[in-house]
Amino acid sequence: MSRIVRVAAIQISPVLGDDGLGTARKVCQAIREAAEKGVKLAVFPETFVPYYPYFSFIQPAFRFGGEHLELYERAVVIPGPVTDMVAEAARQTGMVVALGVNERDFGTLYNTQIIFDATGEILLKRRKITPTYHERMVWGQGDGSGLKVVDSAAGRIGALACWEHYNPLARYALMTQHEEIHCAQFPGSLVGQIFADQMEVTIRHHALESGCFVVNATGWLTDGQIKEIAGDPALEGPLRGGCFTAIVSPEGKLLGTPLTEGEGMVIADLDFALITKRKRMMDSVGHYARPELLSLLQDRRPARTVHYVGEANPVPTSTDEAAS
């Protein structure tokens, strides 16, 4: 008998200007609303908590220092109040949650994806391996330790953020681990229609190539938020459009109507029999692979800035190390 899992891709706007917890509270409310609809996996946008750094796309770096520092103050420490809050909502609803956050690790911010299991346990914390263009002024680089697929109550889940989907080897790293559901996260309200068009091509292609379902969530800025962030009518254009919240089957088909404007949820029932149906025809890491010709080398060692020899590490160099 095939397994069927109901999932939701959630398009939502952040809460700006508060202590950083307002957006997290909004996430928890959306989790509860999705649970009422029978959802077992909810996917939220890229770095949604406290908000995506839209300021960095429309301002030169020498001007956005103040806003960058504000993001530091509101960023998420893992574990911490935000992760505790979302974990409790996941546990209470029995839902798997994929959430994008700005993670603060001492003096550096990271674009981080967190997968919470239905028990509230954090199954995966991974950092975007290469921030894109303007983002490099905001976030540090991740490493290969987070390119993992995890077993959850909803199935085997992998995740990538935004233009990581243009890195075929990053995607292949997840394919080799037989992901069943891929959680994709983009900022939304950025660049314009061309961004949404490119996003659709990208997530549909990954679904076909990986033979998995893709649940993609983009953020949404209200007109008032766009005006607030831009501060100048001439800068508002780059913060409009670019939303494509959608769910894709392993056959590359859109399940339900994508959401390109406003807040809301795209909900679909995933029939896992479609994974086998697709892979019977083309399995990129199985019968369609040629490992004697082409293979992938992945370094999963966490990046370290210091290595101690002959003594215990006296001071944790990162929150990752403190947890290990």
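What counts and how
- Residues numbered from 1 in each chain as written.
- Predicted model: local features only at pLDDT ≥ 70, side-chain atom pairs only at ≥ 80, totals over all residues.
- Heavy atoms only, no water.
- Helix = DSSP H or I, 4+ residues; strand = E, 2+ residues; numbered from the N terminus.
- Rg over C-alpha atoms; globule rule 2.2 N^0.38 Å.
- Contact = heavy atoms within 4.5 Å.
- Areas by Shrake-Rupley, 256 points an atom, 1.4 Å probe, with all protein chains shown as cover.
- Lys, Arg positive; Asp, Glu negative; His and termini not counted.
- Charge placed at Lys NZ, Arg CZ, Asp CG, Glu CD.
- Core = buried A, V, L, I, M, F, W, Y, C linked by side-chain atoms within 4.5 Å.
- Buried < 20%, exposed > 50% of the residue type's maximum accessible area, 1.4 Å probe, protein only.
- UniProt positions renumbered as here; feature names shortened; annotations may be inferred.
- Axes fitted to C-alpha atoms, helices over the stretch in contact; angles between N-to-C directions.
- Parallel < 35°, antiparallel > 145°, perpendicular 65-115°, else oblique.
- Nonpolar A, V, L, I, M, F, W, Y, C, P; charged D, E, K, R; others polar.
- Pairing = 2+ DSSP bridges.

**Some remarks on the overall build of the protein**
Here comes step 1: The helix and strand inventory of the protein stands at 9 helices and 11 strands.
Here comes step 2: The C-alpha radius of gyration computed for the protein amounts to 19 Å, which stays within 12% of the reference 20 Å derived for 324 residues, consistent with globular compactness.
Here comes step 3: If you line up the protein on its principal axes, its C-alpha atoms span 55 × 55 × 40 Å.
Here comes step 4: Pairs at least 24 apart in sequence give 72% of the contacts found in the protein among residues at least 6 apart.
Here comes step 5: For the protein, the accessible surface area stands at approximately 14,400 Å², while carbon and sulfur atoms represent 55% of it.
Here comes step 6: Charge centroids of the protein, computed over 31 positive and 38 negative side chains, lie 5 Å from each other.

**A short note on the nonpolar core**
Here comes step 1: Counting 31 residues, the largest nonpolar core has Tyr-54, Phe-186, Ile-203, Val-214 and Leu-239 as the members making the most contacts within it.
Here comes step 2: Ignoring sequence-local partners within four residues, the contact set of Phe-186 consists of Pro-45, Glu-46, Cys-162, His-165, Phe-195, Met-199, Ile-203, Asn-216, Ala-217, Thr-218 and Gly-219.

**Looking at the UniProt feature "domain: CN hydrolase" (unreviewed entry) in the protein**
Here comes step 1: Summarizing the sequence annotation, UniProt attributes the feature "domain: CN hydrolase" (unreviewed entry) to residues 5–272 in the numbering used throughout.
Here comes step 2: This span, residues 5–272, is 28% helix and 25% strand, and a straight line between its end C-alpha atoms measures 8 Å.

**Topic: the packing of helix 1 (residues 22–36) against helix 4 (residues 81–93)**
Here comes step 1: Between helix 1 and helix 4, whose axes approach to 10 Å, the crossing angle comes to 10°. Compared by their axis directions, helix 1 and helix 4 come out roughly parallel. Contacts between helix 1 and helix 4 involve Ala-24, Arg-25, Val-27, Cys-28, Ile-31, Arg-32 and Ala-35 from the former and Val-82, Met-85, Val-86, Ala-89 and Thr-93 from the latter.
Here comes step 2: Of the residues contributing to the contact of helix 1 with helix 4, the split by class is 9 nonpolar, 1 polar and 2 charged.

**Regarding the sheet that holds strand 1 (residues 4–11)**
Here comes step 1: Strand order across the open sheet formed by 6 strands is 5-4-3-2-1-11, with mixed pairing between neighbours. Among the strands making up the open sheet, the edge pair consists of strand 5 (122–127) and strand 11 (264–271). For this sheet, the mean angle separating the axes of adjacent strands, direction not counted, is 25°.
Here comes step 2: Alignment of strand 2 (residues 41–43) against strand 3 (residues 96–105), held across 3 bridges, turns out to be parallel. Directly across from Leu-41, in strand 3, lies its bridge partner Val-96.
Here comes step 3: Most of the contacts of helix 4 go to strand 4 (residues 108–116), to which it runs at about 15°, and overall it touches strand 3, strand 4 and strand 5.

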